[in-house]
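# Structural overview
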Amino acid sequence: MFEKILIANRGEIALRIHRACREMGIHTVAVHSTADADAMHVRLADESVCIGPPAARDSYLNIPAILTAAAITGVDAIHPGIGFMSENAQFAEMVEEHGFTFIGPTPEHIRLMGDKVTAKQTVKALGLPTVPGSDGGVPTVEMAAKVAEEIGYPVLIKAAAGGGGKGMKVAQRPEDLVEAYQLARGEALAAFGNDEVYMEKYLTRPRHIEVQLLGDTHGNAVHFGERDCSIQRRHQKVIEEAPSPGLNADERNKIGELAAKVVRDLGYRGVGTIEFLYENGKFYFIEMNTRLQIEHTISEMITGVDLVREQIRVAAGLPLSYKQSEIVFTGHAIECRINAENPDTFTPSPGKVSDFHAPGGLGVRVDSALYDGYRVPPHYDSMIAKLIVHGSNRNECLLRLRRGLEEFVIGGIDTTLPLHRRIISQPDFINGDYDIHWLEGFLGLK
Ligand code: MV4
């Protein structure tokens, strides 16, 4: 097992990784920008190294600085966390070239899934259901028109290098196609430096359901059930829950087994998530994420498994600690992502936290790097805390969530706590009756 790990990240996820390391007897090295000198992840780590100025491109994305910090402190492995370097195949490659272990999948698997066209072709060949659409890229508008006639309108044009909704355009009717196609290619080129696009039938009211997966280097793979991430705004998840209120046990086991088989067939190492759209009782693969995710917590709550510990173990070459039959689902979990933002306008609200009280008690978990007097810097993502609650069933979970949100105090800055209190009191949310457009509809109505 590793003796020392460098955590190439900040905020709550850096803490989450540090905590897993601590429990495993592994020493930790924090890296930080000058803006984060007083951050909690720096305070908790065994050692810390300043890697640059506040802008992420000069610090948390600065590959030479991170590798130098790893060399100076003599770590065995680097954990990229979430965002930043976590899905950068070139970084994973360079980490290994410098003699460290990258805690994540191989660069080849990161690259394969980073290209949405090769990802779709690969998982389709391995048996996953995909959205009807083009067979690969669509290089001309003539071909786009032909594909659209075949699959029928509405159609969606997506960037091959995309993900997260950038470079995505809907054509409702044939008259919209040329403009949507040109816009998608232009946006893709601007955002990713690659204007390759592909096409799919546009699903109008799906749920966003993702399966948590884990594979090792000994040919084993398991799933940890699904999460429903449909409550989102502008492709930012706001609330996630596990299991999904829209699935039955049969559907759950079937999609879980199918997704785990893909991980096994690929020889994929580490944690990963396969994302699906779910509409009218059918699943459609959309993307695979080759990293830990923010919302891994709710899968941990319903299975009792420490996913970061498992991730570190398989990176060290150890076999999985669990067989599928040993992963038992208990109760229900919901996560609220709390952002330093105005809850009505979503304008970021950095600044000094003048009051901080986190809820606690049975079934309540708060993952956050905040403390009283902490200054939320303006340079990074605005998520400052995750409230995660577990109950023996969905109703108990909802009651506990309401109680937790009532107790939570974050003063001095605006946060999205009031928004969460409103969402969870809506009948549609309470009934589990929502799709990916529900939150934007709710916000538009008020
Ligand atoms: C779709 C879709 C409808 N039909 N694909 C958005 C980002 C990327 N991850 C995939 N996305 C979508 N793909 C087809 N064929 C609708 C979306 C989508 C979406 C998906 C998941 C979560 C939130 C979303 C919000 C808007 C659109």
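Our subject is the structure listed above.
Residues numbered from 1 in each chain as written. Predicted model: local features only at pLDDT ≥ 70, side-chain atom pairs only at ≥ 80, totals over all residues. Heavy atoms only, no water.

## Let's talk about the pattern of salt bridges
Across all of its chains, the model carries 30 salt bridges by this definition. Residue Glu12 is joined to Lys386 by a salt bridge in which the shortest nitrogen-to-oxygen separation is 3.2 Å. Of the two residues, Glu12 is situated in helix 1 (residues 11-23) and Lys386 in strand 19 (residues 383-391); the sequence distance between them amounts to 374 residues. The pair formed by Glu12 and Lys386 is uniform in burial state, with each residue classed as buried. Among the ionic pairs, Glu200 bridges to Lys158, the shortest N-O distance being 2.8 Å. With Glu200 in strand 8 (residues 197-201) and Lys158 in strand 6 (residues 155-159), this pair connects stretches of sequence that are 42 residues apart. Judged on exposure class, the residue Glu200 and its partner Lys158 are both buried. Bridged by salt links that share partners, the residues Glu210, Arg227, Lys237, Glu240, Glu295 and Arg337 form one connected network. (Salt bridge = Lys/Arg side-chain N within 4 Å of Asp/Glu carboxyl O. Helix = DSSP H or I, 4+ residues; strand = E, 2+ residues; numbered from the N terminus. Buried < 20%, exposed > 50% of the residue type's maximum accessible area, 1.4 Å probe, protein only.)

## Looking at the packing of helix 7 (residues 141-151) against helix 8 (residues 177-192)
Close contact between helix 7 and helix 8 brings their axes to 10 Å; oriented N to C, the two are set at 120°. Judged on the interaxial angle alone, helix 8 and helix 7 are oblique. Seen from above, helix 7 lies across helix 8 with right-handed handedness. Across the interface between the two elements, Val141, Ala144, Ala145 and Ala148 from helix 7 touch Leu177, Val178 and Tyr181 from helix 8. Here the residues of the contact of helix 7 with helix 8 are counted per class, giving seven nonpolar, no polar and no charged. (Axes fitted to C-alpha atoms, helices over the stretch in contact; angles between N-to-C directions. Parallel < 35°, antiparallel > 145°, perpendicular 65-115°, else oblique. Left-handed = near helix turned anticlockwise from the far one by under 90°. Contact = heavy atoms within 4.5 Å. Nonpolar A, V, L, I, M, F, W, Y, C, P; charged D, E, K, R; others polar.)

## Concerning the packing of aromatic side chains
Following the criterion strictly, the structure yields nine aromatic pairs and no others. When the centroid spacing of 6.2 Å and the interplanar angle of 80° are considered together, the rings of Phe91 and Phe102 count as edge-to-face. Here Phe102 lies in strand 5 (residues 101-102) and Phe91 lies in helix 4 (residues 89-97), a separation of eleven residues in the sequence. Classification of Phe91 as buried rests on a relative accessible area of 0%. On the basis of an interplanar angle of 55° and a centroid distance of 5.2 Å, the ring pair of Tyr371 and Tyr374 is categorised as tilted. By the ring-pair criterion, three or more aromatic residues cluster together here, those being Tyr60, Phe84 and Tyr380. Its guanidinium or amino end placed over the ring of Phe346, Arg233 lies 3.7 Å from that ring's centre, counting from NZ or CZ. The ring of Phe429 is capped by Arg394, whose NZ or CZ atom sits 5.5 Å from the centre of that ring. (Phe/Tyr/Trp six-rings, centres within 6.5 Å; stacked < 30°, edge-to-face > 60°. Lys NZ or Arg CZ within 6 Å of the ring centre and 35° of its normal.)

## Considerations on unusual backbone geometry
Along the chain, Tyr153 connects to Pro154 via a cis peptide bond; the corresponding omega equals -5°. Tracing the chain through its elements places Pro154 in the loop between helix 7 and strand 6. The omega angle of the peptide bond from Ala242 to Pro243 is -5°, so this bond is cis rather than trans. Inspection of the secondary structure assignment puts Pro243 in the loop between strand 11 (236-242) and helix 9 (249-266). The phi angle at Asn280 is positive, at roughly 50°, despite the residue not being glycine. The topology assignment puts Asn280 in the loop between strand 12 (270-279) and strand 13 (282-289).

## Here we look at the environment of Ala184
The topology assignment puts Ala184 in helix 8. With ten residues separating them along the chain, Ala184 and Asn194 place their C-alpha atoms 11 Å apart. For Ala184, the contacting residues outside a window of four places in its chain are Ile157, Gly167, Lys169 and Val197.

## Some remarks on the sheet that holds strand 9 (residues 207-215)
Spatially, the eight strands line up as an open sheet ordered 13-12-9-10-11-14-19-17, and their pairing is antiparallel. Looking at which strands have only one partner, the edges of the open sheet turn out to be strand 13 and strand 17 (364-368). For this sheet, the mean inter-axis angle between neighbouring strands, taken without regard to orientation, is 25°. In this sheet, strand 13 lies alongside strand 12 in antiparallel orientation, the contact comprising seven bridges. Each bridged residue has a counterpart across the sheet, and for Tyr278 the counterpart in strand 13 is Phe283. Across the sheet, helix 11 (residues 307-315) lies against strand 9, strand 10 (221-233) and strand 12, angled at about 45° from strand 9, the strand it touches most. (Pairing = 2+ DSSP bridges.)

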